Each structure stands twice: as C-alpha cells, then as structure tokens.
Amino acid sequence: MSTLVTVKETETEAGAGAPASGARQFRRRLRSRKAVLVAAAVLALLVLLALFAPLLAALEGQDPGAYHDTLVDSARGGVPLGDLGGVSAEHWLGVEPGTGRDLFARLVYGARVSLLVALGATLVQVLVGVGIGLGAALGNRVVESVLSHVTDVMVAMPLLVFAIALMAVVPADFPRPLLLVVAIGLLQWGGMARMVRAQALSLKKLDFVAAARLTGASTWRVARRELLPSLAAPVITYAAVLLPTNIVLEASMSFLGVGVKPPTPSWGQMLSTATTWFRADPLYVLLPALMLFTTTLAFTVLGDGVRTALDPREASRLRVGTGRRTARGRGAGGPA
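Every value quoted in this text rests on a predicted model; they were computed, and no experiment measured them. (Residues numbered from 1 in each chain as written. Predicted model: local features only at pLDDT ≥ 70, side-chain atom pairs only at ≥ 80, totals over all residues. Heavy atoms only, no water.)

**Q** Break down the pattern of salt bridges for me, with residues and values.
**A** One pass over the full model with this rule turns up four salt bridges. The partner of arginine 194 in a salt bridge is aspartate 152, and the shortest N-O contact between them spans 2.8 Å. Residue arginine 194 is located in helix 9 (residues 190-203), and its partner aspartate 152 is located in helix 6 (residues 141-156); the two are separated by 42 residues in the primary sequence. Of the residues examined, arginine 194 reaches a relative accessible area of 43% and is grouped as partly exposed. Linked by salt bridges that have partners in common, Glu96, Arg101 and Arg106 make up one network. (Salt bridge = Lys/Arg side-chain N within 4 Å of Asp/Glu carboxyl O. Helix = DSSP H or I, 4+ residues; strand = E, 2+ residues; numbered from the N terminus. Buried < 20%, exposed > 50% of the residue type's maximum accessible area, 1.4 Å probe, protein only.)

**Q** Mind laying out a nonpolar patch on the surface, listing which residues take part and the relevant values?
**A** Side chains of Val47, Leu48, Leu51, Phe52 and Leu55 sit close together on the surface and give an oily, nonpolar patch of about 480 Å² of accessible area. If one sorts the elements of the nonpolar patch by residue count, helix 3 (residues 34-51) sits on top with three residues. One can find leucine 51 in helix 3. (Patch = residues over 30% accessible without salt bridge, like charges linked within 9 Å, V, L, I, M, F, W, Y side chains within 5 Å. Areas by Shrake-Rupley, 256 points an atom, 1.4 Å probe, with all protein chains shown as cover.)

**Q** Go over the packing of aromatic side chains, please, and point to the residues and values.
**A** If you walk through the whole model with that rule in mind, you get one aromatic pair. A ring pair is formed by tryptophan 92 and phenylalanine 104, whose centres lie 5.0 Å apart and whose planes are at 55 degrees; its orientation type is tilted. Taken together, the residues tryptophan 92 in the loop between strand 2 (79-80) and helix 5 (103-138) and phenylalanine 104 in helix 5 connect sequence positions twelve residues apart. On the basis of relative accessible area, tryptophan 92 is assigned to the partly exposed category, the value being 36%. (Phe/Tyr/Trp six-rings, centres within 6.5 Å; stacked < 30°, edge-to-face > 60°.)

**Q** Outline the nonpolar core, listing residues and values.
**A** Ranked by internal contacts, the top residues of the largest apolar core, which has 25 residues, are Leu107 and Trp267. Within the residue set of this core, elements represented by two or more residues are helix 3, helix 5, helix 11 (219-255), helix 12 (267-274) and helix 13 (282-310). With seven residues, the single largest contributor to this core is helix 13. (Core = buried A, V, L, I, M, F, W, Y, C linked by side-chain atoms within 4.5 Å.)

**Q** An account of the confidence of the model for the protein chain is needed here, citing residue identities and associated values.
**A** With 86% of its residues at a pLDDT of 70 or more, the protein chain shows a mean pLDDT of 81. Across the protein chain, element-level confidence peaks in helix 5 with a mean pLDDT of 93 and bottoms out in helix 1 (residues 2-17) with 43. Taken as a whole, residues 1-19 scores under 50 in pLDDT and shows zero contacts with residues more than four places along the chain or in a different chain. Counting contacts from residues 320-336, a segment whose pLDDT is below 50, to residues more than four positions away or on other chains yields 17 contacts. (pLDDT = per-residue confidence, 0-100. Contact = heavy atoms within 4.5 Å.)

**Q** Describe helix 6, naming the residues involved and giving the relevant values.
**A** Helix length check: helix 6 (16 residues) gives 23 Å between terminal C-alpha atoms against 22 Å at 1.5 Å per residue, within 8%. Buried within helix 6 we find Leu147, Ser148, Thr151 and Met154. Axial view of helix 6: buried residues confined to an arc of 125 degrees, hence all on one face. Within helix 6, the exposed residues directed more than 90 degrees away from the buried face are Arg141, Val142, His149 and Ala156. Considering only its buried residues, helix 6 is in contact with helix 5, helix 8 (176-187) and helix 9. Put simply, asparagine 140 is the residue that caps the front of helix 6, since its side-chain oxygen is 3.2 Å from the backbone nitrogen of valine 142. (Expected span 1.5 Å × (residues − 1). Arc of directions from axis to C-beta. Polar contact = N/O pair within 3.5 Å; in protein donor to acceptor, adjacent residues only side chain to side chain.)

Structure below.
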C-alpha cells in the first residue's frame, strides 16, 4: 500500500513539474501583464457596447436618427440648449449640434461601424495576404516574381486616391461599411503578404519541411500541414497591429467624406461634422475623439502583448504593466 502511494505521489510531482503547454504558457504570459489585461477589458467593453447598441439606446429612450429641433438654439446656429451640450436625464451625453440627435445613441452605434469595418478589413487582409505570401514563397520563379511585383505595387498604392475613385464608381445605395471593408482589405494586404513570404521562405529551409517534401507531399499539403501552423503566431501578431490601423483608416476616410455617409453614425463621420463646433460645443468633438483614441490604444497594447507572449525573446515596446524591473532597480538592492 505504501509503495502504491509513493508511486502516485511521484507521478503527481512529475506531472506538476512538467512544462506547461504552449497555449497555457501563452495565457500565463498575457495574464502577467497588467496593461494587456486592462486593454483586453476595455476592448471587451467596447464590443459589448457595439453588440448591445440597440438595447442601450432603447434603455435611454432615444433613437440615433431622430431629430430634436427643440433642443438646439436656431438663433445661435444650432448650438445645443443647456449645459455640456444638452446633457440631461433624457440625453445622457447631450445632443448633436444642428440636428439635436442623441449623442450617446450615435456613439454606441458608431462603435458598431468602426469595429466591424476594422475586423472585416483585417480578415480580408489576412486571407489575401497569407494566400499571396504563401504562393510567392512556394511557387516557381515566374509565380514568385509576378506575385512579389504585385505585392510591391499594392504596398506603394495610395489608399485614399483609389478609395475615392472606388466610391465614385460604386452605386450610392451600396452599403458603405461593406465598401470600406472591401476597399481597405483589398488595397492594404501588401504588408501581410510580405511578412508571410519572408517567414515561409525561412521555414522552407528547415528539416521538417524538407522531410515532408521527401515523403512526396504536394505543395498544398506542405503549406497546409507544415507551414500554416508555424505561421499562426506571426500572422496573429501582425493582424493585432493591423486592427488599430484599420480603425484609424476608417475614421480618416469618413472624416474626409469618402467613408460612411449620414445618417449612419460613425466616429470618423461625427468628427468630420464636429470640426465646425469645437468652440461652441467642445464635448461633441471630445467624445468621438476619445472613443477613437481609447480603442486604438487598447488594440495597440493588446497587439504588443500578444506579440511578446507568442515570442518571449522579443522585448515589449510598451514597458507599462510588464512586471519587469529595470536594471537600476535591481542594482539598488531589489530582487532580481
């Protein structure tokens, strides 16, 4: 009996001392960074705001497209009546100058547009970029040359010029958020393709890829079974960097009038109309700008945390919340 207990205790200790799996180590590294946890919580809250935008607007009792002419001062050009842009029990964040539309309802509905456009465009960039990058890395010289030159052209292509041309050609009744996803995704995949091609070319030289080729595996099977799993970490890291960039692109295009059109709410479109009201109603400018800044910063911090968690050898660019002590602190007598 004592021998059996000893064997079980030995197995338990061996299991406890065994190295954690890759997914478990990844989660542990993420949880060790307070800044990453805060960023993830902020993004989760923003996603909930976007998902439950109709419920939140109904809870307030307002509609994002309803005009309230009685809440603005027509004699002063449409400045909201009351303090802080018309903040009241019925309008939690005030109303929009000139129209009287509820600002809280438009902000939460605008989160839907900004996040959906950014996520959709990033998905298109990942799919196209990974496909083109793998094709350039695994194809023959002609295929590699053609795809590499196409990628170089896409990287150098000015997004705004072609987006304006695309908006002019597409019918006006075509959904603008979907058009933004297509425009950003199909015109901005060059960076992803370059990264995938470089990573795939380095992986081709490793023994496990050569062994798969010696067994007679096709190019597609090598890409699917050998290269794609190894490319998951850099692709996820690069996608996390693309998300805040796409949010800013959507806001910039809407700000310049080639993105989301009224009455569809968007943070960038709200900023474009708020530029003429920054003196009369500063809150109308600050709120969408603060939402954009917070979302972009949260995605940036989360992307940096994912990058360092997937590859611990890479130093974090953001030192806040990493839990690391500086060399000066260790030299002063602190614990190593």
